[in-house]
Amino acid sequence: MTAETPTQKVGSYILDQASEIAQSTYERQRHDFDEADFTNETKLSLTNTTYLVKLIGKSLQQNTTNAMTAIEEFGEESGELVQDENEMIISLIVTVPLIREAIWEAIEPVVEELNMKPRDVIKLPGKIDPLLDQFVYSYGSTYITSNQQLKTKYDSTLEELSTPIIPIIKNLAILPLVGNIDTYRATLIMEKTLEHSRKLQLNHMIIDLSGVVTMDTMVAKHLFDITEALSLMGVQVTLTGISPSISISAVQLGIDLHKLTIKSSLHNALTDLAVLSNPAT
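Calculation criteria
- Residues numbered from 1 in each chain as written.
- Predicted model: local features only at pLDDT ≥ 70, side-chain atom pairs only at ≥ 80, totals over all residues.
- Heavy atoms only, no water.
- Helix = DSSP H or I, 4+ residues; strand = E, 2+ residues; numbered from the N terminus.
- Contact = heavy atoms within 4.5 Å.
- Areas by Shrake-Rupley, 256 points an atom, 1.4 Å probe, with all protein chains shown as cover.
- Salt bridge = Lys/Arg side-chain N within 4 Å of Asp/Glu carboxyl O.
- Buried < 20%, exposed > 50% of the residue type's maximum accessible area, 1.4 Å probe, protein only.
- Phe/Tyr/Trp six-rings, centres within 6.5 Å; stacked < 30°, edge-to-face > 60°.
- Patch = residues over 30% accessible without salt bridge, like charges linked within 9 Å, V, L, I, M, F, W, Y side chains within 5 Å.
- Lys, Arg positive; Asp, Glu negative; His and termini not counted.
- Charge placed at Lys NZ, Arg CZ, Asp CG, Glu CD.
- Core = buried A, V, L, I, M, F, W, Y, C linked by side-chain atoms within 4.5 Å.
- Pairing = 2+ DSSP bridges.
- Axes fitted to C-alpha atoms, helices over the stretch in contact; angles between N-to-C directions.

## Things to note about the overall build of the chain
So, point 1. Each helix and strand counted, the chain has 10 helices and five strands in total.
So, point 2. Considering only residue pairs separated by 6 or more positions, the chain has 79% of its internal contacts joining residues 24 or more positions apart.
So, point 3. As presented, the chain carries roughly 16,400 Å² of accessible surface, and 55% of it is formed by carbon and sulfur atoms.

Right, here's the structure in full:
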């Protein structure tokens, strides 16, 4: 059986001392941060650190490049699990450099005991650092990708919630608007309203503004542009719940409200439409 090289012996030592090196890293973190920063997630970080150090030890011990792939996969798995951006930043910016320090502090006596040649000692960082760098890259890039995908999903959900077009009966739908409406949301409402009107084959839409308290003139213009666009598509629009501030904005814009179908409440609009659809009653 071939005897271990000094580098492989260092790897074996790192593998044996992985838990102690991880604990040393943890203690260095505690020295730099308040106790409040160390919650239940710290136990997971300690476990991850131990596993990462073991992978580094195996790489030196077995003198193989397989550890690079293993660390890449481990970094990707860890990055996918992170939900808190602050935790990710701390792990990358703080923990990894502290792992380097803890490893070198741990192996210093072994290097001296083995009486390693200077050229072999110099090669150690070239074997250890790329592994840690790969972990940082895989961990960070996976987190960013996962976060971007999650953000896209949330944005899509928020867009749907910001334009809640509700079909009532065939060819009739209600768009109840609630909360503040800025220029971006007004543009989104325009796009979604026209799109849904075509898909649902609407000929009448009620836009209820009772949940909108204030609206500046620019947004008000977008709103009334929506009514004109729907009219061009053959969709009749009834506005309900117009507040005094919205009325003032319309007057300032020179919009003739008498040309629009306006009802005081959603109930009144639905009642009138029911009468129109059933003239015999």
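## Side note on the pattern of salt bridges
So, point 1. Scanning the entire structure with this criterion turns up seven salt bridges.
So, point 2. The partner of Glu101 in a salt bridge is Arg28, with the nearest N and O atoms 3.2 Å apart. One end of the pair, Glu101, is in helix α5 (residues 85-114); the other, Arg28, is in helix α2 (residues 18-32), and 73 residues separate them in sequence.
So, point 3. Of the residues examined, Glu101 reaches a relative accessible area of 43% and is grouped as partly exposed.
So, point 4. The exposure class assigned to Arg28 is buried, which follows from its relative accessible area of 19%.

## As for the packing of aromatic side chains
Any two aromatic rings considered together are summarised by their centre-to-centre distance and by the angle between their planes.
So, point 1. According to the stated counting rule, one finds three aromatic pairs in the structure shown.
So, point 2. When the ring of Tyr51 is compared with that of Phe74, the centres are 4.7 Å apart and the planes differ by 65°; the resulting orientation is edge-to-face. Taken together, the residues span a long stretch of sequence, with Tyr51 in helix α3 (residues 41-62) and Phe74 in helix α4 (residues 66-81) at a distance of 23 residues.
So, point 3. With 5.6 Å between their ring centres and 25° between their planes, Phe74 and Phe135 make a pair best called stacked. Of this pair, Phe74 sits in helix α4 while Phe135 sits in helix α6 (residues 118-162), and the two are 61 residues apart along the sequence. Like Phe135, Phe74 is buried.
So, point 4. Members of the aromatic cluster, each reached through a chain of ring pairs, are Tyr51, Phe74, Phe135 and Tyr139.

## Description of a negative patch on the surface
So, point 1. A cluster of like negative charges, contributed by Glu72, Glu73, Glu76, Glu77 and Glu80, occupies part of the molecular surface.
So, point 2. With respect to the helices, strands and loops of the structure, Glu72 is situated in helix α4.

## Brief notes about the nonpolar core
So, point 1. Ranked by internal contacts, the top residues of the largest apolar core, which has 27 residues, are Ile14 and Ile103.
So, point 2. If near-sequence neighbours (up to four positions away) are discounted, Ile103 is found in contact with Ile14, Ile21, Ile56 and Ile128.
So, point 3. Counting 23 residues, the second largest nonpolar core, distinct from the first, contains Leu175, Ile181, Ile189 and Ile226.

## With respect to unusual backbone geometry
So, point 1. The phi torsion at Asn115 lies on the positive side, around 55°, for a residue other than glycine.
So, point 2. Within the fold, Asn115 resides in the loop between α5 and α6.
So, point 3. Phi is positive for Asn171, which is not a glycine, with a value near 70°.
So, point 4. Of note, Asn171 is situated in the loop between β1 (166-169) and β2 (172-178).

## Quick notes on a nonpolar patch on the surface
So, point 1. There is a patch of nonpolar side chains on the surface, built from Ile166, Ile168, Ile169 and Leu270 and spanning about 330 Å² of accessible area.
So, point 2. The element contributing the most residues to the nonpolar patch is β1, with three residues.

## Observations regarding a positive patch on the surface
So, point 1. Together, Lys117, Arg119, Lys123 and Lys127 line one region of the surface with positive charge.
So, point 2. Note that Lys123 resides in helix α6.

## Re the sheet that holds strand β5 (residues 261-263)
So, point 1. One open sheet accounts for five strands, arranged β1-β2-β3-β4-β5; its pairing is mixed. Here the strands that pair on one side only, and so sit at the sheet edges, are β1 and β5. Sheet twist, expressed as the mean angle between neighbouring strand axes with direction ignored, is 25°.
So, point 2. Across three bridges, the pairing between strand β4 (residues 236-240) and β5 is parallel. Bridge pairing in β5 links Leu239 to Ile262.
So, point 3. Along the sheet, helix α8 (residues 217-232) makes contact with β3 (204-211) and β4, crossing β3 at roughly 170°.

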